[in-house]
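Residues per chain, in single letters:
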Amino acid sequence: MFDTLVQDFEAETGHSAQVNFAGSALLARQIELGAPVDVFVSANQQWMDHLEAVGRVDSANRFPLAGNRLALVSSFPEDKSREVETVLSSLEAADRVAMGLVAAVPAGQYGKVALEYLGLWGDLRDRVVQMDNVRAALTLVHLGETRLAVVYETDAESQPDVFLVGLFPPESHPRIEYPAAAVGQSPTKATLDFIVFLQSDATKSRLEQFGFGPVKP
Amino acid sequence: MQNWLSPMEWQAVLISAKVAFWATLAITPMAFLTAYALVRWEFPGKTILNGLAHLPLILPPVVTGYMLLLLFGTQGFIGGWLQDIGIVLAFRWTGAAVAAGVMAFPLMVRALRLSLEAIDIRLEQAAATLGASPIWVFATVTVPLMIPGLLTGTILSFAKALGEFGATITFAANIPGQTQTIPSAIYALLQVPGQEDAAARLVVISVSIALAALFLSEALARRAHKRLEGL
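Note that the coordinates shown come from a computational prediction; the quantities given were computed from them, not determined experimentally.

Participant: Any chance you could explain the nonpolar core here in plain terms?
Facilitator: In a soluble, globular protein the nonpolar side chains are often hidden away together inside. Residues Leu72, Leu88, Phe168 and Leu198 of chain A are the most contacted members of the largest nonpolar core, which totals 69 residues. The greatest single-element share of this core, amounting to 6 residues, is contributed by helix 7 (residues 134-142) of chain A. Three or more residues apiece are contributed to this core by two domains, here domain 1 (2-67 + 174-209) and domain 2 (70-167) of chain A. Those residues in contact with phenylalanine 168 of chain A that lie beyond four places of it in its chain are Arg69, Leu70, Ala71, Leu72, Val84, Leu88, Ala114, Leu115, Leu118, Val150 and His173 of chain A. Listed in part, the 15 residues of the second largest apolar core include Phe32, Leu38, Ala104 and Met146 of chain B.

Written out as structure tokens, the structure is:
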């Protein structure tokens, strides 16, 4: 997804950009310790807040890039026509739910809040298989190792032969937003161009094309 | 010490110790057999066995973990069969032990192989000419001469099992109280800003366990050496 955005940007402006993909925690630590990075895009508000607190990101150059929704996916085709809450409250003894780490990975943190909101966490907590990232949770459903996984809507759409049960109600968890920001106190012209590009309509339609929701003001 | 660590961290320490202990114990006989076959026997497919034994050393740990999931998961070829007889590995501490054992296996094989290759075959021949049966030669000459290698292999494997992360998290997940070992707990702690102190405590414990095991094995190796020279 981000690769495509970068290609669009390079075609439009003639600048060239290098992308380094990794988890938010690792990238934020690298940035905090002075890694030569111009723009940071994260799925994790906590780490962006942290970089702001240590002065590596200026709040003036920070903006929400995209939104997402939390989804329940299943390896059982029949779950497709059932409701999220029905599926989660009528599990068999051996059924498990894969999630990102509920204490550390954003999708896991949102998922735990959502399950608590629905009053299901107490019953489900012992069935939860926590993985180091949300894609690994999705893979477990893909392999049929767990019946269910709590993932992002965009993940659910990206993986064939994984069945989307449904989305969690938006009010069940904090709004999911991916923050982006220019790194450092005095961004270069090229960096600012990229920031402008990321907030453009062209980027918005690209993001929608990949299933990312709009950002609410 | 129990107040020093949170219950979650304390559990991770216990699980790590349990996983590393059983992983090391379980692979010792298998690694011994593999090393013995590679050094002493001639058979077709020897190169393949050698390659397979070293595979976990070469592959990225997440790939090894993923292969374990494909083989030993509930939907896996071997995992499905094990489940029928009541053994479930995926997402249990036993699965973490399997992952740690597989990752440590090549280290154990290498150490045993080296010690076996270093044995002067004439010592065994001499024992045989003096009337010892092959089993007696094996038990009273070969195995005692391998003790330093056995100790090295054990300590290397234990250390590897204690620090294993990639294959463990892929195959056994990161479930607090069940499969969350010290490395996976450290990883989880480092994902959230401001938890560096807790992570540092676990690092200190991890290093202490590994060093204690190292000193113990060094002491045992010295004793074994003295006894061998005394013979």
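Having seen the structure, we can now continue with the description.
Participant: How do you make sense of the sheet that holds strand 6 (residues 148-152) of chain A when you look at a structure like this?
Facilitator: Strand pairing within a sheet occurs via backbone hydrogen bonds; the two strands may be parallel or antiparallel. Residues and elements named next belong to chain A. With mixed pairing, the 5 strands of this open sheet are ordered in space as 5-4-6-3-7. Looking at the sheet topology across the chains shown, the edges are occupied by strand 5 (128-131) and strand 7 (163-167). Direction aside, neighbouring strands of the sheet carry axes that sit 30° apart on average. Direction of pairing for strand 4 (residues 97-100) relative to strand 6: parallel, over a ladder of 2 bridges. Bridge pairing in strand 6 links alanine 98 to alanine 149.

Participant: What should I look at first to understand the packing of helix 6 (residues 121-129) of chain B against helix 7 (residues 134-163) of chain B in this one?
Facilitator: The geometry of a pair of packed helices is captured by two quantities: the angle between their axes and the separation between those axes. Residues and elements named next belong to chain B. Two numbers describe how helix 6 lies on helix 7: the axes approach to 10 Å, and their chain directions differ by 160°. It follows that helix 6 is roughly antiparallel to helix 7 by the angle criterion. The way helix 6 lies across helix 7 gives a crossing that is right-handed. Taking contact as the criterion, the partners of Leu123, Glu124, Ala127 and Ala128 in helix 6 are, on helix 7, Val137, Val141, Thr142 and Leu145. Looking at side-chain class alone, the contact of helix 6 with helix 7 contains 6 nonpolar, 1 polar and 1 charged residues.

Participant: What's the story with a nonpolar patch on the surface in this structure? I'm lost.
Facilitator: All names here are of chain B. Together, Ile48, Leu52, Leu55, Leu57, Ile58, Val62, Val63 and Met67 line one region of the surface with nonpolar side chains, adding up to about 720 Å² of accessible area. Of all the secondary structure elements, the ones that give two or more residues to the nonpolar patch are helix 2 (46-58) and helix 3 (61-72). Per-element tally for the nonpolar patch: the top contributor is helix 2, with 5 residues. Judged by its relative accessible area of 38%, methionine 67 falls in the partly exposed class.

Participant: How should I be thinking about the interface of chain A and chain B in this particular structure?
Facilitator: Interface extent is often summarised as the accessible area lost during association of the parts. Contacts between the two partners involve 22 residues from chain A, matched on the other side by 23 residues from chain B. Both faces combined, the contact of chain A with chain B buries some 1900 Å², and carbon together with sulfur accounts for 59% of it. One can count 1 salt bridge joining chain A with chain B. Here glutamate 196 of chain B makes a salt bridge to arginine 29 of chain A, at a shortest N to O gap of 2.9 Å. Our count for the contact surface shared by chain A and chain B stands at 7 residue pairs in polar contact (both at pLDDT 80 or more).

Conventions used here
- Residues numbered from 1 in each chain as written.
- Chains lettered and ligands numbered in written order.
- Predicted model: local features only at pLDDT ≥ 70, side-chain atom pairs only at ≥ 80, totals over all residues.
- Heavy atoms only, no water.
- Core = buried A, V, L, I, M, F, W, Y, C linked by side-chain atoms within 4.5 Å.
- Buried < 20%, exposed > 50% of the residue type's maximum accessible area, 1.4 Å probe, protein only.
- Helix = DSSP H or I, 4+ residues; strand = E, 2+ residues; numbered from the N terminus.
- Domains from an automatic or database assignment.
- Contact = heavy atoms within 4.5 Å.
- Pairing = 2+ DSSP bridges.
- Axes fitted to C-alpha atoms, helices over the stretch in contact; angles between N-to-C directions.
- Parallel < 35°, antiparallel > 145°, perpendicular 65-115°, else oblique.
- Left-handed = near helix turned anticlockwise from the far one by under 90°.
- Nonpolar A, V, L, I, M, F, W, Y, C, P; charged D, E, K, R; others polar.
- Patch = residues over 30% accessible without salt bridge, like charges linked within 9 Å, V, L, I, M, F, W, Y side chains within 5 Å.
- Areas by Shrake-Rupley, 256 points an atom, 1.4 Å probe, with all protein chains shown as cover.
- Salt bridge = Lys/Arg side-chain N within 4 Å of Asp/Glu carboxyl O.
- Buried area = accessible area lost by both parts, 1.4 Å probe.
- Polar contact = N/O pair within 3.5 Å; in protein donor to acceptor, adjacent residues only side chain to side chain.

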